[in-house]
Amino acid sequence: MNTSNPTAVEPPSAELQPADHRAALDAIEQGWTQIAPLQGARLREAIRSTPEEEWRGRPRILLALAASHRSVGSRSRSAALPWFRGVAKALDADPDLPLDIRAGYHVHLGASLRTLGNFVVAHEHLEVARTLIENDLAESISVRISLSASFSLQLGLIRLHYGEIDQARFALSLANGLGEDHLSTAERVECLSALAFVAMLIGDFDLADRHVDLARELADGTDLLGSSFGALTQITRVHLALERGEAVGGHEGLLADVRQASRGSDWEALGLFAEAHVLLAESRHIEVLDLLARIARTIDGFTGHSALTESATVMRAETMRLLGQPHEARRLASSVTSSHHHIRCPARVLALVHLAAGEPEDALEALEQCLAIGDLHSERTMGQVHAIQAAAHLALGDGPHSDIAFDRALLSAGHNGSIWLFATLPEDVLEHLVQRAVGRRQPPTIVGVLDRLRGTSADVVPQLAEPLSDRELVIVRHLATGQTLGQIGSQLFISVNTVKSHVRSIYRKLQASSRREAMTRVKQLGLDLDE
């Protein structure tokens, strides 16, 4: 626990007078939304150290106790439910309690039920909160906006579970826009984490990077990234590393972060899915099947429809294809419908099965729906569609159409840095397509991708106009390990603000806007990070 946190609550002394107890409880009522997610156990200790008769009739305190079980370090989310029942009884006794209690009860109960996988009832409570917020015009605008921000965040997270990406993005963007003034630090990290995950799904990897960096910056000095609030940040980092071909076979550190953050939460199955992606990239197919079975058992108790069910089926189909069981792969992929924007796109697996069976016409037919929606298709999966399309045309002897499709795949890879989209093509086919592409005049973006696919180095990057100082080089080496700014400050015995100042200077000199861009630039320059 970060005891220097300004939201820290000191347990009242047993020698306090009744008036002092009331003052301490008043302070908790004012600041519990910031305190509960970060220091739930300490908040409960502070409240329970006062006589029960002082707080059992105060519904805001009961609400704080309930919400404190969704905090950093809490693993028993169900422990919140008895406290929510206490708030419900207070609402039954006095239906005219202030809006922050009436609507806050439904928002925070919805959040707790979501973490337990009860999406249907959680959604029902959020809709009650929406009605209360919209109809109570007597309450201050500030209170209503704060409640609306928390409501939008929780609604967006449920929509994300349902696979309703556009609706999730809208709700999360609204919450994020209000976040600086109206959400707690934990909620802002949770919101940015979800937005990063959404951006990754639609193929906007640069936006995903920015959201990840903002979430990590906000969480610095706390344990939020090691909790469910930061789970989607950790999951997004794994997917981005895979897509970009970064350290395949060396993801254990990232996966450890995912396991810690998602364990026991509603994101645990999604964390297992990210781990299954890593194993698939490492050709550990039997272990992938084992993880998919664990995912099925994990989400079996969820209420409402989890989009992860179909996504896991598509991965199972891809795994069976790689294990040499095309009929089972075809059966599984055919049982799944494409999601909106084809973020879940089983057509790619069907096309690859047809391609391997020597049926390129059928492969192209399987991709027709993907090509029909065109620019509305997720760029993350559309690049792979073009790559498979190129291979099918090549098998038919249609060189011109094959070249066009492969150049589009290369351009997609250049935009988002993805190399994963080429991994499903047979090596000899990919080599043939690359050799044809090298012989054509290409823009610099595509040349860089071709260099990566051929394993050659790009042109030497010019040296920095302003070199990094010795201290900045030390900071860069710490940044490369993934440490937070607080951890770097502790190791170097300097303040977080000093670290931030150095990082801003480093980004300026490297002409980078994120940690990832800075590390890429450092590698291009050949700077030694091992000292």
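Since the structure is predicted, the reported quantities are computational estimates derived from the model, not experimental observations. (Residues numbered from 1 in each chain as written. Predicted model: local features only at pLDDT ≥ 70, side-chain atom pairs only at ≥ 80, totals over all residues. Heavy atoms only, no water.)

J.: Can you tell me about the nonpolar core, naming the residues and giving the values?
T.: Of all hydrophobic cores here, the largest spans 102 residues; its most connected members are Leu160 and Leu172. Beyond its immediate chain neighbours, meaning those up to four positions away, Leu172 contacts Ser152, Leu153, Gly156, Leu157, Cys191, Ala194, Leu195 and Val198. In this structure, Cys370, Phe406, Ala413 and Val434 belong to the second largest nonpolar core, which totals 33 residues. (Core = buried A, V, L, I, M, F, W, Y, C linked by side-chain atoms within 4.5 Å. Buried < 20%, exposed > 50% of the residue type's maximum accessible area, 1.4 Å probe, protein only. Contact = heavy atoms within 4.5 Å.)

J.: An account of the packing of helix α9 (residues 165–182) against helix α10 (residues 185–202) is requested, with residue identities and associated values reported.
T.: In a pair of packed helices, the angle between the axes and the distance between the axes together describe the arrangement. One way to put it is that α9 packs onto α10 with a least axis distance of 9 Å and a crossing angle of 145°. By crossing handedness, the relation of α9 to α10 is classed as left-handed. Side by side, α9 and α10 meet where Ile165, Arg169, Leu172, Ser173, Ala175, Asn176, Gly179 and Glu180 of the first sit next to Arg188, Cys191, Leu192, Ala194, Leu195, Val198, Leu201 and Ile202 of the second. Residue composition of the contact of α9 with α10, by class: 10 nonpolar, 3 polar and 3 charged. (Axes fitted to C-alpha atoms, helices over the stretch in contact; angles between N-to-C directions. Helix = DSSP H or I, 4+ residues; strand = E, 2+ residues; numbered from the N terminus. Left-handed = near helix turned anticlockwise from the far one by under 90°. Nonpolar A, V, L, I, M, F, W, Y, C, P; charged D, E, K, R; others polar.)

J.: I'd like to hear about unusual backbone geometry, residue by residue, with values.
T.: Positive phi, normally seen in glycine, also occurs at Ser283, with a value near 60°. One can find Ser283 in the loop between α14 (268–281) and α15 (285–299). Positive phi, normally seen in glycine, also occurs at Phe493, with a value near 60°. In this fold, Phe493 is placed in the loop between α26 (485–492) and α27 (496–510).

J.: Go over the side chain of Ser150, please, and point to the residues and values.
T.: Positionally, Ser150 belongs in helix α8 (residues 141–162). Accessibility expressed as a relative area gives 9% for Ser150, which makes it buried. Side-chain polar atoms of Ser150 contact the side chain of Glu187, separated by 2.9 Å. Not counting chain neighbours up to four residues away, the residues in contact with Ser150 comprise Val107, Leu183 and Glu187. (Polar contact = N/O pair within 3.5 Å; in protein donor to acceptor, adjacent residues only side chain to side chain.)

J.: Quick one: what's the story with helix α16 (residues 308–322), residue by residue and with numbers?
T.: If you check α16, its first and last C-alpha atoms are 21 Å apart, about what 15 residues at 1.5 Å a residue would give, namely 21 Å. Along α16, 11 of the 15 residues are buried, which leaves the element largely enclosed by surrounding structure. Residues Leu308, Glu310, Ala312, Thr313, Val314, Met315, Ala317, Glu318, Thr319, Met320 and Arg321 constitute the buried set of α16. Each element contacted by the buried residues of α16 is listed here: α14, α15, α17 (326–334) and α18 (347–356). With its phi angle positive at about 80°, Gly324 sits one or two positions after the end of α16. (Expected span 1.5 Å × (residues − 1).)

J.: I'd love a proper account of the packing of α18 against helix α21 (residues 379–395), names of residues and values included.
T.: Their axes nearest at 10 Å, the elements α18 and α21 cross at an angle of 20°. Overall, the two elements α18 and α21 adopt an arrangement that is roughly parallel. The interaxial crossing formed by α18 with α21 has left-handed handedness. Residues Arg348, Ala351, Leu352 and Leu355 of α18 touch α21, and the partners they reach there are Thr381, Gln384, Val385, Ile388, Ala391 and Ala392. Counted by class, the contact of α18 with α21 contains 7 nonpolar, 2 polar and 1 charged residues. (Parallel < 35°, antiparallel > 145°, perpendicular 65-115°, else oblique.)

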